[in-house]
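Here is what each chain is made of, one letter per residue.
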Amino acid sequence: MIPYSVNIKLAARTLTGTLNLQNKTAVDWGWQGLIAQGCHSSILIIDPKTSQTIQVLERHKANVVKVKWSRENYHHSLSSPYSLRLASADSAGKIIVWDVVSGTAHCEIQEHSKPIQDMDWLWTQDASRDLLLAIHPPNYIVLWNGDTGTKLWKKSYAENILSFSFDPFDPSNLALLTSEGIVFISDFSHSKPPGSGGKKVYIASPHASPAHTKPVPAALPAPTGAKKALNKVKVLITNEKPTAEAVTLNADCLQLSYLPSKRNHMLLLYPREILILDLELSQTVGVVAIERSGVPFIQVIPCAQRDALFCLHENGCITLRVCRSTTAPDESVAASDPEQSVQELVYDLRSQCDAIRVTKTVRPYRMVICPVNENNAALTVSDGRVMLWELKAHVSKPTVNPSSGVSPLYAPVAFCGSPLGQNQKKIQDLSLNTMIGQSLVSGADPPPPSLQQEVQLKFLLTGLLSGLPLPPFALRMCPPLTTKNINHYQPLLAVGTSNGSVLVYNLTSGLLHKDLSVHSCEVKGIEWVSLTSFLSFATSTPNNAGLVRNELQHVDLPTGRCFAFRGEQGNDEPAIEMMKVSHLKQYLVVVFRDKPLELWDVRTGTLLREMAKNFPTVTALEWSPSHNLKSLKKKQLLAREAMARYTTLSDTEQSSVESSVISLLQDAESKSEGGGQAISAREHFVFTDTDGQVYHITVEGNTVKDGARIPPDGSMGSIACIAWKGDTLVLGDVDGNLNFWDLKARLSRGIPTHRGWVKKIRFAPGKGNQKLLVMYTDGAEVWDTKEVNMVSSLRIGRNVNYRILDIDWCTSDKVVLASEDGCIRVLEMAMKSASYRMDEQDLTDPVWCPYLLLPRAALTLKAFLLLQPWSGTFTMDITQVDYTEKHEIKGLIQEQLNSMSNDMKSVLLDPELNLLQRCLLVSRLFGDESDLQFWTVAAHYLQSFAQARHLSVPVPEGQTPAEGTQATPQGHLDIYHDTLCESFYFQRFQLERVHLQEVKRSSYEHTKKCADQLLLLGQTDRAVQLLLETSADNPSYYCDSLKACLVTTITSSGPSQSTIKLVATNMIANGKLAEGVQLLCLIDKAADACRYLQTYGEWNRAAWLAKVRLNPAESSDVLKRWAEHLCSPQVNQKSKAILVLLSLGCFHKVGEMLQSMRYFDRAALFIEACLKYGVMEANDSTNKLIGAAFVDYARLLRTLGLRESAAFWASRAGGAGEQLLEELFQGEGAVPEETEGLENTE
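Residues numbered from 1 in each chain as written. Predicted model: local features only at pLDDT ≥ 70, side-chain atom pairs only at ≥ 80, totals over all residues. Heavy atoms only, no water.

Reading across the sheet, the 4 strands line up as S6-S7-S8-S9 and stay open at both edges, with antiparallel pairing between neighbours. At either margin of the open sheet sits one strand with a lone partner, and together these are strand S6 (64–69) and strand S9 (104–110). Pairwise comparison of adjacent strand axes, ignoring direction, gives a mean angle of 20° for this sheet. Relative to strand S8 (residues 94–99), strand S7 (residues 85–90) runs antiparallel, the two being bridged by 5 bridges. Looking at S8, one finds that Ala 87 is bridged to Val 97. (Pairing = 2+ DSSP bridges. Helix = DSSP H or I, 4+ residues; strand = E, 2+ residues; numbered from the N terminus. Axes fitted to C-alpha atoms, helices over the stretch in contact; angles between N-to-C directions.)

We now examine the packing of aromatic side chains. For the structure on display, the rule yields 23 aromatic pairs. A centroid spacing of 5.4 Å and a plane angle of 75° characterise the contact between Phe 164 and Phe 166, whose relative ring orientation is edge-to-face. We note that Phe 164, like Phe 166, is buried. Through a chain of ring-to-ring contacts, three or more aromatic side chains come together here, namely Tyr 587, Phe 615, Trp 623, Phe 685, Phe 687 and Tyr 695. Taking the ring centre of Tyr 74 as reference, the NZ or CZ of Arg 129 above it sits at 4.6 Å. A cation over a ring is seen here: Lys 154 above Tyr 140, with NZ or CZ 4.2 Å from the ring centre. (Phe/Tyr/Trp six-rings, centres within 6.5 Å; stacked < 30°, edge-to-face > 60°. Buried < 20%, exposed > 50% of the residue type's maximum accessible area, 1.4 Å probe, protein only. Lys NZ or Arg CZ within 6 Å of the ring centre and 35° of its normal.)

On to the sheet that holds strand S29 (residues 376–381). Taking strand neighbours across the sheet as the criterion, the 5 strands line up as S28-S29-S30-S34-S31 in an open arrangement whose pairing is antiparallel. Only two strands of the sheet have a single neighbouring strand rather than two, namely strand S28 (364–369) and strand S31 (409–412). Shown here is a sheet whose adjacent strand axes are inclined to one another by a mean of 40°, direction ignored. Pairing of S28 with S29 involves 5 bridges; the strand directions are antiparallel. Opposite Ile 369, over in S29, you have Ala 377 as the bridge partner.

What follows deals with the pattern of salt bridges. Under the definition given, this model contains 53 salt bridges. Ionic pairing is found between Glu 598 and Arg 566, a salt bridge with its closest N-O pair at 3.1 Å. Note that Glu 598 is positioned in strand S45 (residues 598–601) and Arg 566 in the loop between strand S42 (562–564) and strand S43 (576–581), a separation of 32 residues in sequence. On the basis of relative accessibility, which here comes to 5%, the residue Arg 566 falls in the buried class. In this structure, Asp 727 and Lys 744 form a salt bridge, with 3.8 Å as the shortest nitrogen-oxygen distance. You can see Asp 727 sitting in the loop between strand S51 (719–725) and strand S52 (728–733) and its partner Lys 744 sitting in the loop between strand S53 (737–742) and strand S54 (747–752), a full 17 residues away along the chain. One network of salt bridges, with partners in common, ties together Arg 476, Glu 527, Arg 762 and Asp 808. (Salt bridge = Lys/Arg side-chain N within 4 Å of Asp/Glu carboxyl O.)

Spanning 14 residues, helix H25 (residues 1160–1173) covers 20 Å between terminal C-alpha atoms, matching the ideal 20 Å at 1.5 Å per step. Of all the residues in H25, the buried ones are Phe 1160, Asp 1161, Arg 1162, Ala 1163, Ala 1164, Leu 1165, Phe 1166, Ile 1167, Glu 1168, Ala 1169, Cys 1170 and Tyr 1173. After H25 finishes, the residue Gly 1174 shows a positive phi value of roughly 75°. (Expected span 1.5 Å × (residues − 1).)

Further remarks concern the environment of Ser 1205. With respect to the element layout, Ser 1205 can be found in helix H27 (residues 1203–1212). Under the relative-accessibility criterion, Ser 1205 is labelled buried at 3%. For the pair Ser 1205 and Leu 867, spaced 338 residues apart in sequence, the C-alpha separation works out to 8.4 Å.

With 5 bridges connecting them, S29 and strand S30 (residues 386–395) associate as antiparallel partners. Paired with Thr 380 across the two strands is Val 386, which belongs to S30. Connecting S29 to the next strand, S30, in antiparallel fashion are 4 residues, including Gly 384 with a positive phi near 95°. As paired strands, S30 and strand S34 (residues 452–465) are joined by 10 bridges and run antiparallel to one another. Residue Leu 391 lies in a different strand from S34, and its bridge partner there is Phe 459.

Time to look at the pairing of strand S41 (residues 550–556). Within a regular strand, side chains alternate between the sheet's two faces. Most of S41 sits out of view: 6 of its 7 residues are buried. Here strand S40 (residues 533–539) runs beside S41; their pairing, made up of 7 bridges, is antiparallel. Each bridged residue has a counterpart across the sheet, and for Ser 533 the counterpart in S41 is Asp 556. Direction of pairing for S41 relative to S42: antiparallel, over a ladder of 3 bridges. Within S42, the position partnered with Gln 553 by the bridge is Ala 564.

Burial in helix H10 (residues 902–909) covers these residues: Met 904, Lys 905, Val 907 and Leu 908. Across the axial projection of H10, the buried residues extend over an arc of 165°, all falling on one side. Looking at the packing, one finds that the buried side of H10 touches strand S32 (414–415), helix H8 (855–866), helix H9 (887–898) and helix H11 (915–926). (Arc of directions from axis to C-beta. Contact = heavy atoms within 4.5 Å.)

Within the secondary structure, Leu 492 sits in strand S36 (residues 492–496). Judged by its relative accessible area of 4%, Leu 492 is buried. Separated by 16 residues in the primary sequence, Leu 492 and Thr 508 have C-alpha atoms spaced 8.6 Å apart. When near neighbours in sequence (up to four residues on either side) are disregarded, Leu 492 contacts Arg 476, Met 477, Cys 478, Val 504, Tyr 505, Asn 506, His 513, Trp 528, Leu 531 and Leu 557.

Right, dumping it as structure tokens:
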């Protein structure tokens, strides 16, 4: 047998069960890689990779309705470390912000006492990373500081607010879903509440407006089913309240979310369709509808990395829909006639998982997806299950003629944003954007076939957590730990459930050890008969005569064998009230409701005695702990010795031995026939009858003797339960009195608790431990019977809000309570429900989560994974590195390294993995949002600028041409980077968007907006056509006609240009900014237009215009001004500014900014990458920056204790690093302890 140490100290923990309806929306998957889920008033923290519950947070008094992990969108350092922060809100309006590792609350927030409707952390964290926005019903939004709990501002609105969504591209935009429609807020800021009441928008679907329905071109196939219905009912978004005949669609709008994959798009979810809106046009540009027979939606999550939607349906099925590329690579038609190509955004169903069986009590609640990789989904089910699905891509053979009509899906052949090396290892299915290629736009070249492969997506169930079934429960802990069983003891708790199964939990890990289906009806009681076997009984519901079917089963855990202990009997008899097993596990008493008790021999399974009909009715019964096993064993030993002596005597002497001795020996032998086990020791039990008289009965072998009777105590009511340990006997009655008997001193002492019926009393295990656990209808108490005083108390309504159903001791100082909210809690004797520290936990599988480490250790781990160039080889063993730190912390870091998957280890150890790939991979591993964004953009632009240099300049020395001549893996950044994308791609995307808007327009307003956009994009011919569409009875008919004439004649030069410029500047000066900008664009003065836009604070619009109209040099000027603006203290979005500068290739400036913001690790690694790719050269102008960055990083590494790598970076820093090198290596031969004093020199 494998020797393993027994953990005698059990952690306090909560085993959770089914969810409450209010917990429906309380689930969140954080950047930190963990899932938080509300279950009644507790919060579970689940690790999805190993499917374990690693923490349960208890502090809420009401049901938890929302949980949200804080964002990790900031640079992590010693002052702002990696930490697990979670906000949770309950139905009584309280919000708690947790430090999850220690299980303590940072702060508690309370504004009103109604359930919180929605809350979220602000995603821009440059100014502060602690801001939390919450909706307090009915109509308040409040911004809180989640670290201190202070209120920053509060604002009320006219309608009831249901939920909100932040614009992922612009922190000043926020959309509220209200009971009447949508409110758009465009001036959201953390410093002051929004000024106006926002722009109100109503969603309506007018039936009677034939003018706006465009005829469907005949070339298209006739729409079917749901599509047809939707074409009839064009959904409009209006600013006026809809009239009576217009049907308001908002009543059943389930959800509103901005699309994180493209700017200014939003989705609205209805049970049978998803509408995609373009907010510039306020018009539906795409619909995902369900056929009449399909299963309705509950929820949808839009992805950021690709334009894809995860949808959850009412049958628990998760589907993935991916937006169809607007052009298939072979369609030459598309380019010639844009009208034909784009009709609307279409989302193709690419994958779906299996549904669950939905019943009255089992239904899907919510789905969450991993925000880091977006290819894992978790589904919470009302019965407490959490199903973990993973999306897998399979390379499929290209189909010759796709019959389905859905174009094939391609995956890029690259890893972490760089081309794959010759024999480089890669991780399959790392994230959604490595599984699905970019969506193509018309006019852009598709990537060459060598860089992509056709794939099919499948969902795979990779984990399942299940909770306890519905209460009631019957609990029994296995026999206690003793010196004899310490080598093979397991702390097992048996839980009998209402459906007849018995669950056995191992309390060291809190995991289900066995789930045994034993009975066919509710389990009423369990008694262990050894460490690995137990008896359990269940009774069916009584029939008309009041008789039931009794089931009494004996279960052996290792084999799972289970047999009916009472044989065939048990049908149609009075119900079993209780069963009690004697202390030596020899005998069993079964007590019935209206039938005399039965006495069984547990070892042989035989009935010893069925009591006579006139036997008194038993109300309470308990076995005595005293027995004569020791004296019997002594007798047996003497008899054995005598036997041995007797057989060695000679024949003559034998006859002289007295016959009495022989008879004695034979008697003893007969008693011990089966060896030591079958000695029948004498045991006693006491019971009380309905009058309170105490009877005493002795059992030995198969003889049963009646002993003394003690008359009832006048002060006690009807006795409900008895407990006996050592010389103390305790009786509890139905009126809440406890009577303590000291049998040695022959004293009794009654104490009224005034708590009503005493349901159960149990003594704690352990020699001399005289603590007693008492259960009442309204809670429980722990008493010390030596001192006869109460140690702790738990009462419903006072300190908990759930009823206690059953109790037991699980160790000498911990109790286990089953409660009505479906949970089983292991608590300290004080019975204060408390969260535990995560680092004290004994987990079965190690969990990869750097956030669990101390702040310093987490940063050390990151530095260790990022770069180990000092040794030339890579290692996953921290002990091989010169690292001065306490052994415990080293051990914890090594545990984290060991818990990584083998794939991940082999990739990180692979020498082919380049620096950029490594930085990206580590930021994914850490779930570091700001790092991931920075390195994604940096990797792309470093490679594309390096490539551009290679094509124009000969290869600089010291660099192999192979590094640069490979084509960049992706021709462009995907559109979710918005204005950071390459101009040619951004321009194409915007053109396509306008074409789509044009197809979808349904009113004059829409047409006007489309014409304006076309003019800015330089599509004059198309714009003129739209302007000429204006009908003659429209007030702006004349104006539009003149504008059309102007646009067509603008080609002439000279004086007309200056006139138009003058008019434009006058217009802008008089507040007509948009019109003025249009005129400037007409005469190709877009650069001036951008300058005006920036002067008037329209920074985003200016950036947009620069991207679509200006040449690189002019556009770069505009964007640089924007970056400066973003750095200004009142805007404070430096992280965004850095990304903008990266996209312009201003790498030196980026290095300086990172350095000035004290992002030492990022600065040094970035500059190193620039040098590697040859986009920065070490010369006099750059040496100062390079030296400063490297030496600062070396100092940081020294603070973390990584001396060897500190020395490496200091040596790279040139002159600047010499002093630090001296400090590191002064007294080279001396013991390293001497340098420890230097760690605090900064």
